[in-house]
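A structural walkthrough
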Amino acid sequence: MTSATHRSAEEIGRTARGPRPLPPLGEQRAAADLSHVDTELGNGLRVLAVRKATVPMVEARLWIPFAGDDALHPATAEVLAETILTGTGRRNRIEIDAELALIGGDIGAGVDPERLVLTGSALADKLPTFLDVFGDVLTGATYADEEIAREKERLVERIAVSRTQPRTIAREALQKHRYGDHPATREVPRAEDVAVVTPEQVRALHQASVLPRGSVMVLVGDLDPAGVIGELEKVLGGWASDRSAVRLPPLPDLTGPDVLLVPRAGAVQSQIRLSAQTVPRTDPGYAALQLANLAFGGYFSSRLVENIRENKGYTYSAHSGFEFTDGTAVVNVDADTATDATAPALLETRYELGRLGQVPPSGDELESVRQYAIGSLLTSTSSQAGLAGQVLALASTGLGLEWLNEHPARVAAVTADDVAEAALKYFAPKRFTGVVVGDAAVLERKLHALGDVVVGEPA
C-alpha cells in the first residue's frame with residue numbers, strides 16, 4: 001500500500017503557486033581540444049589518431065569505400081564481410097579469436113553499398129598486438145572454402161528472415177523509389193545470389209577492392225597519436241596498391257512531391273517513409289538545418305511526435321533525421337501506423353512540415369533544440385567508442401576533428417531567422433517524396449484524396 005506521505009512526480013514538480021521553474025541551463029561547453037594527428041600513410045590511407053585516455057582502451061575504425069556495379073557485388077561483399085575474420089595465412093579462425101581475447105580485444109566487419117567497415121577495440125598496452133592482427137586480416141585473409149560455405153548458409157537464412165520484415169520491405173521500396181537502379185539501393189542482397197557466390201569470387205573482390213588509398217582509419221583512446229602512426233606504417237606496410245578504393249557514383253537529387261503506395265495485401269500496419277534533399281555537414285547552413293529538423297521530428301519533444309504520437313495516438317514512434325551518403329544528404333521522416341491511421345498520419349505529417357516553414361521555432365522552442373543539439377553531441381563523444389564513430393563519420397566526407405570542436409559554437413550562433421529560412425527552404429511538403437507500404441485495398445482511395453500519391457507494384 002502506498003504511504004500517505006508518498007508524493008507523485010506531478011506533486012513534486014509543483015508548488016502552491018504552480019509548476020516549479022526549471023533550473024537555468026548550464027554554460028555551454030565546447031568539445032574538448034583533444035590531442036590528435038591527422039595524416040596520410042605512404043600507402044594512401046588517411047589516419048586520425050586521437051588521444052582520449054578516459055579508460056586504458058583503444059577503439060579502432062576502418063572505413064573502406066566499397067562500391068561495385070557487378071550484379072553479384074552485393075552478395076559477394078556480404079559474404080566477404082562475414083568471412084574476412086575466419087582465417088589468414090598466419091592465423092586460423094580460432095587463433096584470431098584467442099589472440100584477441102587475450103588482449104581484451106575484438107574485431108567485427110560490416111558492409112553496405114557504400115563502404116566496408118571494420119571496427120574493433122583492445123587494451124591500450126596491447127595495441128601493437130591488436131594492430132598486428134588487424135593488419136594480418138587486411139593483407140592475409142584466406143577465405144577458406146569450408147568457411148565460405150558455412151557462412152553462406154547462415155547468411156542465406158538471415159536474409160530470408162530479413163526480407164519478410166516490414167522495415168526492410170519499406171526501406172528497399174524507398175531506395176528504389178528514390179534512386180531507381182543506382183548501386184546504393186542494393187542494401188540487402190538476394191538470397192539466391194549469396195548461394196552462388198564462390199570462394200574465388202570473394203578472394204578476387206578482396207584483392208580488387210580492399211584497398212588503402214582513399215580509405216580512412218580512426219584510432220581513439222589511451223595512446224600516443226604521433227607514436228601510433230609509426231606502428232601503423234610498419235604493420236600496414238604490405239597493404240598497398242596503386243589503385244584507389246571504389247566510391248559510389250553520385251546520387252541523383254531527390255524531387256517531390258509524389259509518394260508511392262506500395263501494396264502489401266492484408267497488412268495491419270503501414271510504413272510511412274518520406275525523404276527530401278538537404279545539405280551535408282560541410283554546408284554553412286547545416287547548423288540551422290539541424291535545429292529545424294530537431295524541432296520538426298528529431299527528438300522526443302518535437303512537433304511531429306507531439307502531434308501524431310502524443311496527441312492523436314497514430315503511431316508509437318515517429319522520427320526525422322539525416323542520412324549522409326558520400327558527400328550528399330537527405331532528411332528522412334519515418335512512422336509506422338495502424339492501417340486505419342495511415343492516411344490521417346500522412347496528412348498530419350504534411351501539415352507539420354508546412355507549419356514548420358510558416359510558424360518556425362523561436363524563443364523557448366529554439367533554445368530547447370539548441371541545447372539538445374549541443375548536449376547530445378557532447379554526450380555522444382564522451383566515450384572512446386562514441387568519439388571514434390563521430391570522427392569516422394566526419395573523416396569519410398573529408399572533415400576532421402576541428403569540425404567537431406567548432407560545431408557547438410556554430411549551433412550556439414544560429415538565430416531564429418536562420419532556422420526559419422532553413423525550415424522554409426528544406427521542409428516544404430512539396431519537396432518530399434517517399435513511399436507508404438500498406439494494404440492498398442484499404443488505403444488507396446484515402447491516400448489519393450490527399451493528392452500526389454500513386455500506386456506501385458506489390459511488395
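Residues numbered from 1 in each chain as written. Predicted model: local features only at pLDDT ≥ 70, side-chain atom pairs only at ≥ 80, totals over all residues. Heavy atoms only, no water.

What about the overall build of the protein chain?
To keep it simple, the criterion reads: Helix and strand assignments follow DSSP, with helices taken as H or I runs no shorter than four residues and strands as E runs no shorter than two, numbered in order from the N terminus. We take the radius of gyration over the C-alpha atoms and set the globule estimate at 2.2 Å times the residue count to the 0.38 power. When accessible area is computed with a 1.4 Å probe and restricted to protein chains, residues below 20% of their type maximum are described as buried, those above 50% as exposed, and intermediate ones as partly exposed. In what follows, residue pairs with any heavy atoms lying within 4.5 Å of each other are defined as contacts. Computed with a 1.4 Å probe, the accessible areas rest on the Shrake-Rupley method; for each residue, only the protein chains presented here act as cover. His is not counted, nor are the chain ends, whereas Lys and Arg count as positive and Asp and Glu as negative. Throughout, a charge is located at the NZ atom of Lys, the CZ atom of Arg, the CG atom of Asp or the CD atom of Glu.
Within the protein chain, the regular secondary structure consists of 17 helices and 14 strands. The C-alpha radius of gyration of the protein chain comes to 25 Å, within 12% of the 23 Å expected for a compact globule of 459 residues. Taking the principal axes of the C-alpha coordinates as reference, the protein chain spans close to 70 × 55 × 55 Å. Buried positions account for 50% of the 459 residues belonging to the protein chain. Sequence separation of at least 24 residues holds for 81% of the intrachain contacts in the protein chain that already meet a minimum separation of 6. Counting every atom, the protein chain has about 21,100 Å² of accessible surface; 53% of that belongs to carbon and sulfur. Here the protein chain contributes 45 positively and 61 negatively charged side chains, and the mean placements of these two sets differ by 4 Å.

Focus: the pattern of salt bridges
Spelled out, the test is: Salt bridge, as used here, is a side-chain nitrogen of Lys or Arg placed within 4 Å of a carboxyl oxygen of Asp or Glu.
Under the definition given, this model contains 31 salt bridges. With a shortest N-O distance of 3.1 Å, Arg-93 and Glu-151 are connected by a salt bridge. Here the residue Arg-93 occupies a position in helix α3 (residues 93-102), and Glu-151 occupies one in helix α5 (residues 145-162), the gap between them amounting to 58 residues. The class for Arg-93 is partly exposed, based on a relative accessible area of 24%. Glu-367 is paired through a salt bridge with Arg-370; the nearest N and O atoms lie 3.0 Å apart. Taken together, the residues span about one helical turn, with Glu-367 and Arg-370 both in helix α13 (residues 363-380) at a distance of three residues.

Quick notes on the sheet that holds strand β10 (residues 269-277)
We count it as follows: Here, any two strands with at least 2 DSSP bridges between them count as paired. Lines fitted to the C-alpha atoms define the axes, with helices restricted to the stretch that makes contact. Angles between their N-to-C directions range from 0 to 180 degrees.
Taken in spatial order, the six strands of this open sheet run β11-β12-β10-β13-β9-β14, and their pairing is mixed. The open sheet has two edge strands, β11 (315-325) and β14 (453-455), and neither has a second partner. Averaged over all pairs of adjacent strands, the angle between strand axes in this sheet comes to 20°, irrespective of strand direction. Two strands pair when backbone bridges link them, and β11 and strand β12 (residues 328-338) are joined in this way by nine bridges, in the antiparallel orientation. Bridged to Phe-322 within β12 is Val-331. In the packing of helix α10 (residues 286-298) onto the sheet, contacts are made with β11 and β12, and the angle to β11 comes to roughly 160°.

Regarding the pairing of strand β9 (residues 259-263)
A regular strand places its side chains on the two faces of the sheet in alternate fashion. The buried fraction of β9 amounts to five of the five residues, a majority that puts the element mostly inside the structure. Residue alternation in β9 divides its side chains into two sets, Val-259, Leu-261 and Pro-263 and Leu-260 and Val-262, and both sets are buried. As defined by bridge partners, β9 adjoins strand β13 (residues 433-438) across five bridges and the pair is classed as parallel. Each bridged residue has a counterpart across the sheet, and for Leu-261 the counterpart in β13 is Val-436. In the sheet, β9 pairs with β14 via three bridges, with the strands oriented parallel. Looking at the pairing, Leu-260 lines up with Val-454 of β14.

Quick notes on the nonpolar core
The condition is simple: In this text, buried Ala, Val, Leu, Ile, Met, Phe, Trp, Tyr and Cys residues form a nonpolar core when linked through side-chain atoms within 4.5 Å.
Grouped together as the largest cluster of nonpolar side chains are 53 residues, with contacts concentrated most on Phe-130 and Met-217. Sequence-distant contacts of Phe-130, defined by excluding residues within four places in its chain, comprise Ala-60, Leu-100, Ile-103, Asp-106, Ile-107, Gly-120, Ser-121 and Ala-122. Among the nonpolar cores identified, the runner-up in size contains 44 residues, and Val-279, Leu-353, Phe-427 and Ala-440 belong to it.

What to know about the packing of aromatic side chains
We count it as follows: For this analysis, a ring pair means two rings from Phe, Tyr or Trp (six-membered ring only for Trp) whose centres lie within 6.5 Å, classed as stacked if their planes differ by under 30 degrees, edge-to-face if by over 60, and tilted for the remaining angles. Two limits define a charge over a ring: the Lys NZ or Arg CZ must be within 6 Å of the ring centre, and within 35 degrees of the ring normal.
Throughout the structure, instances matching the rule amount to eight aromatic pairs. Centre to centre, the rings of Phe-296 and Phe-427 are 5.8 Å apart; their planes meet at 50°, and the pair counts as tilted. One end of the pair, Phe-296, is in helix α10; the other, Phe-427, is in the loop between α16 (416-426) and β13, with 131 residues separating them in the sequence. In this structure, Phe-296 and Phe-427 share a single accessibility class: buried. An aromatic cluster is defined as three or more aromatic residues linked by ring pairs; in this entry it consists of Tyr-286, Phe-322, Phe-324 and Trp-403. Directly above the aromatic system of Phe-324 lies the positively charged group of Arg-281, at a separation of 3.9 Å from the ring centroid. A cation sits over an aromatic face here: Arg-309 above Tyr-316, 4.8 Å from the ring centre.

Focus on the side chain of Asp-193
Structurally, Asp-193 can be placed in helix α7 (residues 191-196). Since its relative accessible area comes to 14%, Asp-193 is described here as buried. Those residues in contact with Asp-193 that lie beyond four places of it in its chain are Ala-71, Leu-72 and Ala-75.

Digging into the UniProt feature "domain: Peptidase M16 C-terminal" (unreviewed entry) in the protein chain
Our working rule: UniProt positions are given in the numbering used here, feature names are shortened, and annotations may be inferred rather than shown by experiment.
Under the UniProt annotation, "domain: Peptidase M16 C-terminal" (unreviewed entry) lies at residues 197-371. This span, residues 197-371, is 40% helix and 24% strand, and a straight line between its end C-alpha atoms measures 50 Å.

Description of the sheet that holds strand β3 (residues 36-40)
The six strands are arranged β3-β4-β8-β5-β7-β6 in an open sheet whose pairing can be described as mixed. The strands lining the two open edges of the sheet, one partner per strand, are β3 and β6 (106-111). Within this sheet the neighbouring strands show an average axis-to-axis angle of 10°, counted without direction. Where strand β5 (residues 57-65) and strand β7 (residues 115-123) come together, nine bridges link them in antiparallel fashion. The partner of Pro-65 across the bridge, within β7, is Arg-115.

Quick word on the packing of α10 against α16
Here is the rule we go by: The cut-offs work like this: below 35 degrees is roughly parallel, past 145 is roughly antiparallel, 65 to 115 is roughly perpendicular, and the gaps in between are oblique. Following the grouping adopted for this structure description, the nonpolar residues are Ala, Val, Leu, Ile, Met, Phe, Trp, Tyr, Cys and Pro, the charged ones are Asp, Glu, Lys and Arg, and the polar ones are all others, Gly among them.
Packing of α10 against α16 brings their axes to within 8 Å, and their N-to-C directions diverge by 75°. Between α10 and α16, the interaxial angle falls into the category roughly perpendicular. Along its contact with α10, which presents Ala-288, Leu-289, Leu-291 and Ala-292, the element α16 presents Asp-418, Val-419, Ala-422, Ala-423 and Tyr-426. Its residues assigned to classes, the contact of α10 with α16 shows eight nonpolar, no polar and one charged.

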